[in-house]
There are 2 protein chains.
Amino acid sequence: MNPGTSEMHFVAALDRVPGMRGVLCLFEGVCSGAADGYARATGRPAATLLHLGPGLGNGLANFHNARKARTPIVSIVGEHATAHLKVDAPLTSDIQAFARTVSNCVRTAASADDLGQAAAATVADAWGPPGQIAMLIVPADHSWSQTAQPVVIREPRRPALPTGPVPDLRRPGTAILLGGTAAHPRALAAAGRISAATGARIMIARGVGCIAWGAGRFHAPQVPYFPEGALPFLAGVKHLVLVESEQPVSFFAYPDTPSYMTPEGCEIVTWVKRGEDGTAALEALADPGVPVPITPRQAVEAPCDDGPLTLDSLGLALAAYLPENAVVSDEMVSSGPKVLPYLAQAAPHDWMPVTGGSIGQGLPVALGAAIAAPGRRVVALEADGSAMYTFQALWTMAREKLDITVVVFANRRYRILDIEMQRTGANGLGAIALGPAANDMIDIGRPDLDWVKLSEGCGVPATRAATSREFSSQFRDAMNEPGPRLIEALLL
Amino acid sequence: MNPGTSEMHFVAALDRVPGMRGVLCLFEGVCSGAADGYARATGRPAATLLHLGPGLGNGLANFHNARKARTPIVSIVGEHATAHLKVDAPLTSDIQAFARTVSNCVRTAASADDLGQAAAATVADAWGPPGQIAMLIVPADHSWSQTAQPVVIREPRRPALPTGPVPDLRRPGTAILLGGTAAHPRALAAAGRISAATGARIMIARGVGCIAWGAGRFHAPQVPYFPEGALPFLAGVKHLVLVESEQPVSFFAYPDTPSYMTPEGCEIVTWVKRGEDGTAALEALADPGVPVPITPRQAVEAPCDDGPLTLDSLGLALAAYLPENAVVSDEMVSSGPKVLPYLAQAAPHDWMPVTGGSIGQGLPVALGAAIAAPGRRVVALEADGSAMYTFQALWTMAREKLDITVVVFANRRYRILDIEMQRTGANGLGAIALGPAANDMIDIGRPDLDWVKLSEGCGVPATRAATSREFSSQFRDAMNEPGPRLIEALLL
């Protein structure tokens with residue numbers, strides 16, 4: 001939460017309702033992203049408390065990200081007292097308009113008597129299924145007025161089994177695309193059995209909030225990010241069976257590139273709709289007698305040479321030292337394609353990728369996941385450009401003494417834009433020949449960000465790793481220390 | 001700007017259109033706030049370039065602040081290519097819905113042929129008068145397609161003189177409330193002459209973007225922030241004459257407090273409407289033969305004792321060393337009432353206060369003002385809580401080598417909320433007796449933010465001042481050094 005004047009009665013009530021735990025964030029985008037991480041780790045919505053329209057505005061990008069993955073969040077937004085709205089005070093705005101940008105489920109409490117009931121309905125709406133960003137706007141006078149109205153808690157709706165027929169999965173060229181809540185360990189194990197029995201390929205959609213990853217379990221690859229990866233990946237698919245997912249599309253449009261990534265003529269079969277229970281559907285179909293095809297875990301040795309740190313040596317160190325049952329919040333952006341295959345060799349863990357594509361998601365998601373899952377090691381793999389967006393998350397990690405290790409991939413570029421500049425053909429000259437003015441909009445060095453100082457400034461101990469040896473030993477140590485820690489991984 | 005893939009053609013064009021200067025910010029809220037500061041310093045709109053709906057979302061709070069002060073800004077937002085919108089890609093959102101939250105003037109370019117014309121119309125709309133947040137949404141395919149369509153530049157509309165009668169300003173109990181563009185030096189000098197000739201009080205509205213301040217010129221006080229200040233301030237006013245302003249209202253509503261700050265029965269007379277030329281109206285009425293009543297500047301001595309730094313000693317040092325024609329971006333929040341009277345004793349300067357009340361405005365406004373006004377010294381007076389919101393502005397100050405001195409008021413509280421908690425009666429116990437859970441939502445210490453490290457992490461040299469002597473000497477030195485500098489003023 002990051003409350004203001006209109007929310008003071010809510011804040012004062014925190015000491016009277018022991019079931020509530022308030023976690024202060026120093027920017028609203030941290031709040032919304034942390035609520036996302038909490039729900040990804042638990043399946044249950046967290047609540048945010050924000051201040052009026054502009055405070056909600058600061059949280060919108062991470063609400064957008066959560067909405068795209070159907071992550072449930074209860075968003076409470078304070079409003080001026082109703083009688084004050086007519087005077088157009090400085091902070092007056094159309095909060096419903098802010099709220100609707102990221103949610104279809106927005107209500108304003110109508111009175112003090114209505115407030116409890118409206119809150120219960122908002123919580124129920126957030127559950128979905130599928131999960132919703134459910135907004136409740138609370139005028140200050142409804143908070144400060146008395147009510148004796150009882151509140152009836154609404155039970156959350158649970159996802160149901162799909163009612164349609166099970167598609168024929170034995171047809172050649174069949175692939176099952178897992179999305180939503182169907183990329184968790186149980187769903188993947190069942191999908192592995194189905195694949196072994198039918199020959200269907202199993203793949204994971206983009207934009208999924210939490211994916212069972214690492215070695216020693218059934219491994220399903222994710223549809224690649226760029227069209228030149230996704231198109232060949234899907235080339236042989238004749239029947240794409242959707243489980244809580246949609247037909248894969250390109251993240252961005254490019255001249256002369258299709259928007260849909262499936263081949264011409266591919267049949268799209270929706271087996272399990274969004275909001276239905278993909279895991280239960282898979283388990284109902286899977287034969288428990290069929291062994292789950294496991295990718296065995298192989299020993300990985302962390303590099304300890306004094307050469308400059310590379311993405312390969314960094315990936316090896318992660319694979320070697322990441323503990324079992326860790327949570328990995330991934331906002332590596334351009335570094336992801338190189339590092340993710342190494343993570344697939346690590347101990348089994350939950351992988352939490354970016355979802356809606358708005359940067360600034362990774363640190364808050366790590367924060368929320370760590371609050372949700374005490375005792376589990378959380379690792380945030382963060383591009384430097386993205387990390388700057390919601391870097392205030394570090395302070396809350398320090399305050400709450402969370403076991404989070406942040407690795408900042410410091411390449412000092414919006415590297416993904418180098419790639420995109422080339423792909424869109426915008427420079428007409430190839431990636432290297434950017435003009436100086438354009439280059440300045442992609443270069444985030446000059447001056448270089450000093451992540452050790454930034455982290456220490458927020459109360460999180462930090463070190464810098466420029467060699468493979470330094471990174472391996474720092475990351476290994478971090479996995480064995482309590483509390484937050486940041487490693488600036490210099491990748492130049 | 002903070003562009004993404006959809007904006008790559010715009011970015012590439014920066015090297016072909018030398019009249020454009022791209023300034024990279026590492027978060028969109030810095031872009032919108034910097035555009036605000038640029039326009040406050042020049043009266044001319046700057047442009048922002050942001051990436052899709054969520055990127056615009058990150059800029060909304062400072063667009064809101066600018067809108068409330070009628071600061072003109074041209075906001076360009078990239079959109080997916082039109083053919084790609086049907087597939088609901090991860091970053092797809094209703095950009096118009098985001099845009100409408102802070103502006104009534106939103107258009108989407110209809111084609112490559114339309115793009116130049118739409119841009120020209122957006123610039124003209126931004127000028128107003130009064131100034132607008134004018135949004136232009138640019139689908140990527142309109143950027144990458146060819147056009148030979150000529151663009152006709154639309155001349156900005158200029159504000160006109162008011163057409164209504166001049167109110168009788170000699171009636172006892174008359175006060176003139178200056179807002180909008182009518183708090184600049186020329187307007188204030190004319191208002192001073194009018195006051196001397198008629199006996200009318202001159203006062204400045206809240207939410208004005210730029211106010212002529214400091215000694216050696218006509219001084220008009222601003223309507224106080226809190227009702228207990230504003231109500232007695234306005235108590236004797238029988239006829240309030242509005243010049244580019246509105247009837248004063250309370251920032252927030254409180255139980256048993258009126259929303260309007262004017263006394264019962266006070267006549268509200270709109271002389272100069274928003275969008276009309278208040279300065280010209282005042283000058284047309286003022287008799288140039290009447291001398292401007294000047295508040296003489298008195299020598300101020302900066303304290304140099306070794307006692308703990310206080311707001312009084314800090315204010316004295318500002319008054320002693322602030323150079324003439326400086327720009328002061330003020331987001332002191334709870335420290336403002338103590339420090340502003342000292343600034344009124346400083347050399348004449350432009351004071352840029354907060355406008356729409358959403359925190360995170362001060363550092364970006366200082367950044368934009370410094371870009372707009374090379375050669376002038378810019379001082380940002382920043383509360384620590386607010387500074388954390390858009391702290392990424394420091395990096396752009398370093399990159400652009402701007403002559404900005406940032407003073408962070410480090411009291412390690414959202415101090416304003418201590419006051420508001422007491423005022424709203426939310427704790428029912430007086431300000432001191434907050435429960436521990438509520439207190440944790442207002443306390444931003446534990447861990448303490450280290451502003452020296454945060455600043456150095458962004459490439460801005462920094463020092464800490466814990467005593468009056470330290471602050472005086474650091475601030476004096478800063479006024480004589482080129483480039484950005486941060487002083488953490490410890491106020492504990």
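Residues numbered from 1 in each chain as written. Chains lettered and ligands numbered in written order. Predicted model: local features only at pLDDT ≥ 70, side-chain atom pairs only at ≥ 80, totals over all residues.

Focus on the interface of chain B and chain A
Taken together, the contacts link 80 residues of chain B with 80 residues of chain A. Looking at the side of chain B that touches chain A, the elements that each hand over two or more residues are α1 (8-13), α3 (52-68), α4 (95-100), α6 (140-144), α14 (393-399), α15 (415-424), α16 (436-440) and α17 (451-457) of chain B. Of all the elements, α3(B) adds the most residues to the side of chain B that touches chain A, at 9 residues. Along the lines of polarity and charge, the residues of the side of chain B that touches chain A split into 43 nonpolar, 26 polar and 11 charged. (Contact = placed C-beta atoms within 7 Å. Helix = DSSP H or I, 4+ residues; strand = E, 2+ residues; numbered from the N terminus. Nonpolar A, V, L, I, M, F, W, Y, C, P; charged D, E, K, R; others polar.)

As for the sheet that holds strand β13 (residues 404-410) of chain A
Residue and element names in this part refer to chain A. As summarised here, the arrangement of the 7 strands in space is β7-β11-β10-β12-β13-β15-β14, forming an open sheet in which the pairing is mixed. Strands at the two margins of the open sheet, each flanked by one partner only, are β7 (211-213) and β14 (462-465). Between one strand and the next, the sheet's axes are offset by a mean angle of 25°, whatever the strand orientation. When β14 meets strand β15 (residues 485-490), the two strands line up parallel, connected through 4 bridges. (Pairing = 2+ DSSP bridges. Axes fitted to C-alpha atoms, helices over the stretch in contact; angles between N-to-C directions.)

So, the pairing of β15(A)
Looking down a regular strand, the side chains alternate between one sheet face and the other. Residues and elements named next belong to chain A. For β15, the tally of buried residues reaches 6 of 6 residues, placing the bulk of the element in the interior. Taking every second residue as pointing to the same face, both faces of β15 are buried, with R485, I487 and A489 on one and L486, E488 and L490 on the other. With 6 bridges joining them, β13 and β15 adopt parallel strand pairing. Directly across from T405, in β15, lies its bridge partner R485. Read as a crossover between parallel neighbours, the route from β14 over helix α18 (residues 468-479) to β15 is right-handed. (Buried ≥ 20, exposed ≤ 12 C-beta atoms within 10 Å, placed from the backbone. Right-handed = clockwise from strand over helix to strand, strands pointing away.)

Brief notes about the sheet that holds strand β9 (residues 267-272) of chain A
Residues and elements named next belong to chain A. Taken together, the 4 strands give an open sheet; going across it, the order is β6-β5-β8-β9, and neighbouring strands pair in parallel fashion. Where the open sheet ends on each side, the last strands, each with one partner, are β6 (201-204) and β9. Averaged over all pairs of adjacent strands, the angle between their axes in this sheet comes to 25°, without regard to strand direction. Across 5 bridges, the pairing between strand β8 (residues 239-243) and β9 is parallel. Looking across to β9, one finds that L240 is bridged to I268.

Topic: the packing of helix α7 (residues 185-198) of chain B against helix α9 (residues 278-285) of chain B
Residue and element names in this part refer to chain B. One can describe the packing of α7 onto α9 by two numbers: an axis separation of 8 Å at closest approach and a directional angle of 35°. For α7 against α9, the interelement crossing comes out left-handed. Across the interface between the two elements, R186, A187, A190, A191 and I194 from α7 touch G278, T279, L282, E283 and L285 from α9. Per-class residue counts for the contact of α7 with α9 are 6 nonpolar, 2 polar and 2 charged. (Left-handed = near helix turned anticlockwise from the far one by under 90°.)

Describing the relation of the copies chain B and chain A
Laying chain B over chain A is done by rotating through 180° and shifting 0.0 Å along the axis; what remains is an RMSD of 0.0 Å. The symmetry that links the two subunits is that of a two-fold axis. The fraction of interface residues of chain B whose copies in chain A are also interface residues reaches 100%, indicating that both copies meet through the same surface. (Least-squares fit on C-alpha atoms with pLDDT ≥ 70 in both.)

Quick notes on the domain arrangement of chain A
Residues and elements named next belong to chain A. Taken as a whole, chain A is organised into domain 1 (5-144), domain 2 (174-285) and domain 3 (311-412 + 448-490). Of note, the centres of domain 1 and domain 3, computed from C-alpha atoms alone, are 28 Å apart. With 24 residues of domain 1 at the interface, the matching set in domain 3 holds 24 residues. Listing elements by their share of the side of domain 1 that touches domain 3, those giving two or more residues are α2 (28-42) and α3 (52-68). Considered class by class, the residues forming the side of domain 1 that touches domain 3 number 13 nonpolar, 7 polar and 4 charged. (Domains from an automatic or database assignment.)

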